[in-house]
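# Overview (structure and organization)
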Number of protein chains: 2
Amino acid sequence: MSKSNNVYKDAFNRGLRLLDETRSLPSEPELGTLLGVSRTTVRSILSRMEETGLITWNKRNKTVLRAPKPEDFFPEEETDSLAEIIERSFMRRLLAEGAEAGMQINELELAREIGVGTTSVREFLIRFSRFGLIEKRRNSHWVLKGFTRAFALELTEIREMFELRSAAAFAALPEESAVWADLDRLEVEHRQLASEIATRFNEFSELDERFHRLIHRASHNRFIVDFYDVIAMIFHYHYQWNKAQERQRNEVAVQEHLAYIAALKSRDPGKVDAACRKHLKSARQTLLSSIPEGRSVQPA
Amino acid sequence: MSKSNNVYKDAFNRGLRLLDETRSLPSEPELGTLLGVSRTTVRSILSRMEETGLITWNKRNKTVLRAPKPEDFFPEEETDSLAEIIERSFMRRLLAEGAEAGMQINELELAREIGVGTTSVREFLIRFSRFGLIEKRRNSHWVLKGFTRAFALELTEIREMFELRSAAAFAALPEESAVWADLDRLEVEHRQLASEIATRFNEFSELDERFHRLIHRASHNRFIVDFYDVIAMIFHYHYQWNKAQERQRNEVAVQEHLAYIAALKSRDPGKVDAACRKHLKSARQTLLSSIPEGRSVQPA
DNA sequence: ATAATGTCTTTTATCGTGAAAAAACATTTT
DNA sequence: AAAATGTTTTTTCACGATAAAAGACATTAT
């Protein structure tokens, strides 16, 4: 097996959703932009849609014949990229019990366990190494540094430094900057979520990420912007693993965000700093409190 | 061809230098630690030393027969790892004229040009991407962001943030910490270099890196420590490319380091901050002044 | 003339393979 | 019995090959 066609399958599934909305599909290049794939892939998708009787396809004419049925979709698990599959497997192991700091990571074993080639695992580990959780020994294996209390503290230290600076830069942005409109939209979303928090609390983490990324972008510094990937990754897996008091946590966080937004809009540096600090402090607390004591041991 | 034996060749060359110093070599495990390679490689080295009449080898007995001659050494270019070879080629291209921001990077072309497999190039690019100079388009090519003025400014912004914090942490370290002895040693090296600056100015960059790494380590934060890799990489290639006023620049920098060291030893936070700022400011100036105007264009 | 479609070429993503190097295990020496 | 040497197994590193996907070029339709 060389390369899976998950790009095609995923785009096909997304393409199916377009059929509900229109009588006939747009041009191939337009579909390509819409789905984020090349024309080659668009044409494969159209071919299959024709074969399965979803559309008729004759040159520019792509008429929708029927709405897609559940069985038209490719199974979800076939639409994931290899990188995603490896990341998930790896994180599951990492967050599972028994992943102690200092433990060594075996590429071959990982590859066999997940059922992929070693090359993909190697590439994943290299990419993953920037998160600071693993480290390579020269000419040798990788070492797990562990999801420890020390890690969380180091991560949050940088986060706080970067976010305070970004927030200050944000508040200093001119009136005519487009970010203020973005901020307004986010504020509305926050208010909506706040009013329905009882049922929608699990939608918070996605909103959280968008909000913080908007702020970090104001730094106009690629290293700050990129660092948010580390934070997002940690929070993503971390909260998947630790659901304790999720609702209450998110409820508090939404309110803190609203105060933070208000501070930004006031453009008062002192207020911004205070609101930002307050939110970051509770974010740190949440992260720290969820690290089991057994993991808080430092690597030898 | 699968894997080159550069680890063996490099360790062999380093092993030859040991022959000058002793009548007989230590045990295999000891040699392994000394050369930073496994026993397997040590044994290959000993085999060759025996074959070429450098030593006699019988179990524990490894007697030196003669001093190594120049022709005993493997050629330097055969001792580089693939990663180093690729990095050098890539940086040469990057710093050469015509490497404009926005340009796309072709893995296959790079691999062919350097004469290596695509896997190695891919892995290099992934590792290299954390330096913020290139970016990957999903399912597609890499894009060169370019060594621009913006890049230099973003880099130095983070550097200054991190170093000021590390320097403050350093000054607050307890008297009994081992770093003070390290600092003393570095101070001596600086004074020696200062007194012979006319002839040894090109030795500064190595000393510079050791000095700043020592300070960054005081932060006890892996993200700060790791970020110095970005700075070191940039400075390394950058100064290789731009030799203008190297001597004068280094002379100034040595003096700034000495003032910085004195400030650290005073443990006065105000003095530390001032000395650190002063040095970082001139480091930034040096970097910025060497970026040609043609490169200062922002990517589209 | 512009923008689409049709066709062909190039590049990327992934695997299996094999040599280099590390690591583990067994045996001998001090 | 501790540490070395001898031997075997496992893992890492790098390659070429191949299907998926992107991209380029040629042709046709509005």
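The structure presented is a predicted model; accordingly, all values stated were derived computationally and were not measured. (Residues numbered from 1 in each chain as written. Chains lettered and ligands numbered in written order. Predicted model: local features only at pLDDT ≥ 70, side-chain atom pairs only at ≥ 80, totals over all residues.)

In terms of helices and strands, chain A carries 13 helices and five strands. For the C-alpha atoms alone, the extent of chain A along its principal axes is close to 60 × 55 × 35 Å. Taken across its 300 residues, chain A has 23% of its residues classed as buried. Partitioning the contacts of chain A with sequence separation of at least 6, the portion at a separation of at least 24 is 67%. (Helix = DSSP H or I, 4+ residues; strand = E, 2+ residues; numbered from the N terminus. Buried ≥ 20, exposed ≤ 12 C-beta atoms within 10 Å, placed from the backbone. Contact = placed C-beta atoms within 7 Å.)

Residues and elements named next belong to chain A. Strand order in the open sheet formed by three strands is β3-β5-β4, with antiparallel pairing between adjacent strands. Taken across any chain shown, the strands that pair with only one partner, and hence form the sheet edges, are β3 (104-105) and β4 (134-136). In this sheet, strand β5 (residues 142-144) lies alongside β3 in antiparallel orientation, the contact comprising two bridges. For glutamine 104, the partnering residue across the bridge sits in β5 and is valine 143. (Pairing = 2+ DSSP bridges.)

This part is about helix α10 (residues 204-217) of chain B. All names here are of chain B. For α10, built from 14 residues, the straight-helix expectation of 20 Å at 1.5 Å per residue is met to within 8% by its first-to-last C-alpha distance of 20 Å. Of the residues making up α10, those classed as buried are Phe204, Phe211, His212, Ile215 and His216. Looking straight down α10, one finds that the buried residues subtend no more than 130 degrees of arc, so they occupy a single side. (Expected span 1.5 Å × (residues − 1). Arc of directions from axis to C-beta.)

Summing up the model confidence of chain A, the mean pLDDT is 94 and the portion of residues at 70 or higher is 97%. Scored below 50 in pLDDT, residues 295-300 of chain A makes 15 contacts in the model with residues more than four places away or belonging to other chains. (pLDDT = per-residue confidence, 0-100.)

Right, let's talk about the pairing of strand β1 (residues 55-58) of chain B for a bit. Residues and elements named next belong to chain B. Where β1 and strand β2 (residues 61-64) come together, four bridges link them in antiparallel fashion. Bridge assignment links threonine 56 to a residue of β2, and that residue is threonine 63. What sits between the antiparallel neighbours β1 and β2 is a turn of two residues, in which lysine 59 has the positive phi angle 55 degrees.

Near DNA strand C, the surroundings consist of 44 residues, among which A:Glu28, A:Gly117, B:Asn5, B:Val7 and B:Thr40 are the closest. Contributing elements (two or more residues each) for the surface near DNA strand C: α2 (28-35), α4 (82-95) and α6 (118-128) of chain A together with α1 (6-19), α3 (39-51), α5 (107-114) and α6 (118-128) of chain B. By residue class, the composition of the surface near DNA strand C is nine nonpolar, 24 polar and 11 charged. (Near = placed C-beta within 6 Å. Nonpolar A, V, L, I, M, F, W, Y, C, P; charged D, E, K, R; others polar.)

Here we come to the UniProt feature "domain: GntR C-terminal" (unreviewed entry) in chain A. The sites that carry the UniProt feature "domain: GntR C-terminal" (unreviewed entry) are, in the present numbering, residues 154-282 of chain A. Strand forms 0% of residues 154-282 of chain A and helix 84%; the C-alpha atoms that close the span are 16 Å apart. (UniProt positions renumbered as here; feature names shortened; annotations may be inferred.)

Among the 43 residues in the neighbourhood of DNA strand D, the closest are listed as A:Asn5, A:Val7, A:Thr40, B:Glu28 and B:Gly117. Of all elements in the fold, only α1 (6-19), α3 (39-51), α5 (107-114) and α6 of chain A together with α2 (28-35), α4 (82-95) and α6 of chain B reach the threshold of two or more residues within the surface near DNA strand D.

On to the packing of α1(B) against α3(B), then. Residue and element names in this part refer to chain B. Running from N to C, α1 and α3 point in directions that differ by 60 degrees, and their axes come no closer than 10 Å. The angle between the axes of α1 and α3 places the two elements in the oblique class. By crossing handedness, the relation of α1 to α3 is classed as right-handed. The residues of α3 that touch α1, namely those facing Val7, Tyr8, Ala11, Phe12 and Gly15, are Thr41, Ser44, Ile45 and Arg48. In the contact of α1 with α3, the residues fall into five nonpolar, three polar and one charged. (Axes fitted to C-alpha atoms, helices over the stretch in contact; angles between N-to-C directions. Parallel < 35°, antiparallel > 145°, perpendicular 65-115°, else oblique. Left-handed = near helix turned anticlockwise from the far one by under 90°.)

Let us look at the sheet that holds strand β4 (residues 134-136) of chain B. Residue and element names in this part refer to chain B. Spatially, β3-β5-β4 is the arrangement adopted by the three strands of the open sheet, whose pairing is antiparallel. Both outer strands of the open sheet, β3 (104-105) and β4, are each paired with one neighbouring strand and no more. Summarising the sheet, β4 and strand β5 (residues 142-144) pair through three bridges and their orientation is antiparallel. Across the sheet, isoleucine 134 pairs through a bridge with leucine 144, a residue of β5.

For the rest of this paragraph, the subject is the relation of the copies chain A and chain B. Under the fitted operation, chain A is carried onto chain B by 0.0 Å of movement along the axis and a turn of 180 degrees, and the coordinates agree to an RMSD of 0.1 Å. Taken together, these values place the two copies in the relation of a two-fold axis. Closest approach to the rotation axis within chain A is made by the C-alpha atom of A:Glu123, at a distance of 3.1 Å. Here 100% of the interface residues in chain A have copies in chain B that are interface residues too; the copies meet face to matching face. (Least-squares fit on C-alpha atoms with pLDDT ≥ 70 in both.)

What follows is about the interface of chain A and chain B. Contacts between the two partners involve 17 residues from chain A, matched on the other side by 17 residues from chain B. Among the secondary structure elements, those contributing two or more residues to the side of chain A that touches chain B are α6, α7 (149-171) and α11 (222-241) of chain A. Class assignment for the residues of the side of chain A that touches chain B results in five nonpolar, four polar and eight charged.

Time to look at α3(A). All names here are of chain A. Between its terminal C-alpha atoms α3 stretches 18 Å, which fits the 18 Å expected from 13 residues at 1.5 Å a residue. Where α3 is buried, its residues meet α1, α2 and β1 (55-58). The positive-phi residue at the C-terminal boundary of α3 is glycine 53, with phi of around 70 degrees.

All names here are of chain B. Its location among the elements puts arginine 222 in helix α11 (residues 222-241). According to the C-beta neighbour criterion, arginine 222 is partly exposed, with 17 such atoms within 10 Å. Each C-alpha atom of the pair arginine 222 and glutamate 246 lies 31 Å from the other, and the pair is 24 residues apart in sequence.

On to the environment of B:Arg267. All names here are of chain B. Mapped onto the elements, arginine 267 comes out in the loop between α12 (246-266) and α13 (269-289). Arginine 267 gets classed as partly exposed once you count the C-beta atoms within 10 Å, which come to 14. Along the sequence, arginine 267 and leucine 173 sit 94 residues apart, while their C-alpha atoms lie 8.9 Å from each other.

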